[in-house]
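As a plain string of letters, each chain reads:
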Amino acid sequence: MSSQTPYKVLCVCLGNICRSPTAEIVLRHFCDEQQLNVWVDSAGTSNYHPGKAPDLRSQQHALKRGYDLSALRARQLQIQDFIEFDLILAMDLENLSNIQALMQRAKAEFGTLRAEVALMSEHDPLYTQQELPDPYYGKADGFERVLDQCESSSRAWAQVLQQQFELKVKV
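Residues numbered from 1 in each chain as written. Predicted model: local features only at pLDDT ≥ 70, side-chain atom pairs only at ≥ 80, totals over all residues. Heavy atoms only, no water.

### What about the environment of Thr 22?
Then, number 1: Position of Thr 22 among the secondary structure elements: in helix α1 (residues 19–33).
Then, number 2: Exposure remark for Thr 22: the relative accessible area of 3% places this residue in the buried category.
Then, number 3: Residues Thr 22 and His 61 lie 39 residues apart in sequence; the distance between their C-alpha atoms is 9.8 Å.
Then, number 4: Not counting the four nearest positions on each side in its chain, Thr 22 is found in contact with Ser 58, Leu 69, Val 146, Leu 147 and Cys 150. (Helix = DSSP H or I, 4+ residues; strand = E, 2+ residues; numbered from the N terminus. Buried < 20%, exposed > 50% of the residue type's maximum accessible area, 1.4 Å probe, protein only. Contact = heavy atoms within 4.5 Å.)

### Re the side chain of Asn 16
Then, number 1: Within the element layout of this structure, Asn 16 appears in the loop between β1 (7–13) and α1.
Then, number 2: A polar side-chain atom of Asn 16 sits 2.9 Å from a polar atom in the side chain of Ser 42.
Then, number 3: A distance of 2.9 Å separates a polar atom in the side chain of Asn 16 from the backbone nitrogen of Arg 75.
Then, number 4: Once residues within four sequence positions are removed from consideration, Asn 16 is found in contact with Pro 21, Ser 42, Ala 43, Gly 44, Arg 73, Ala 74 and Arg 75. (Polar contact = N/O pair within 3.5 Å; in protein donor to acceptor, adjacent residues only side chain to side chain.)

### Some remarks on the packing of aromatic side chains
Then, number 1: By the definition in use, this model includes three aromatic pairs.
Then, number 2: Summarising the aromatic geometry, the rings of Tyr 136 and Tyr 137 are spaced 4.8 Å apart at their centres and angled 90° between planes, so their arrangement reads as edge-to-face.
Then, number 3: Assessed through its relative accessible area of 78%, Tyr 137 is described here as exposed.
Then, number 4: The cationic tip of Lys 8 hangs over the ring face of Phe 85; the distance from NZ or CZ to the ring centre is 5.0 Å.
Then, number 5: The ring of Tyr 136 is capped by Arg 57, whose NZ or CZ atom sits 5.4 Å from the centre of that ring. (Phe/Tyr/Trp six-rings, centres within 6.5 Å; stacked < 30°, edge-to-face > 60°. Lys NZ or Arg CZ within 6 Å of the ring centre and 35° of its normal.)

Okay, here's the thing in structure tokens:
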């Protein structure tokens, strides 16, 4: 990775209107804070909400913490994402399984892939290997939990990426 080429991360949930857009903005914030050359996007494994803005409740709760989701629009995870992104982060185990299934199709089509796949909470010291619960059918506390966990996981990923970038510079 050259210093001009951003490392690309894709955050993925089911519909791309609650968890993954929140993860996108929060991860971008922590990467920017560390001055990491990281480009973050989000998508959903389903095609339920193409082109839709994030859920208003997600937007409202995020805005209270200074995160603006209003410009984001939902899109579906595509097979070419596996060659365009370096890291694809699943919000939960069901979406991780769906991502891995699509990844097999991508391998069959493209051969070697660029993307690694992991759980959003993979390195999170507070929510280690925990699924990010879908708040869509719940109450306000579910959206706050998404923000809490996204902040914690994003801090951890920013540290991991910082260490990876430092190692690459030394090599």
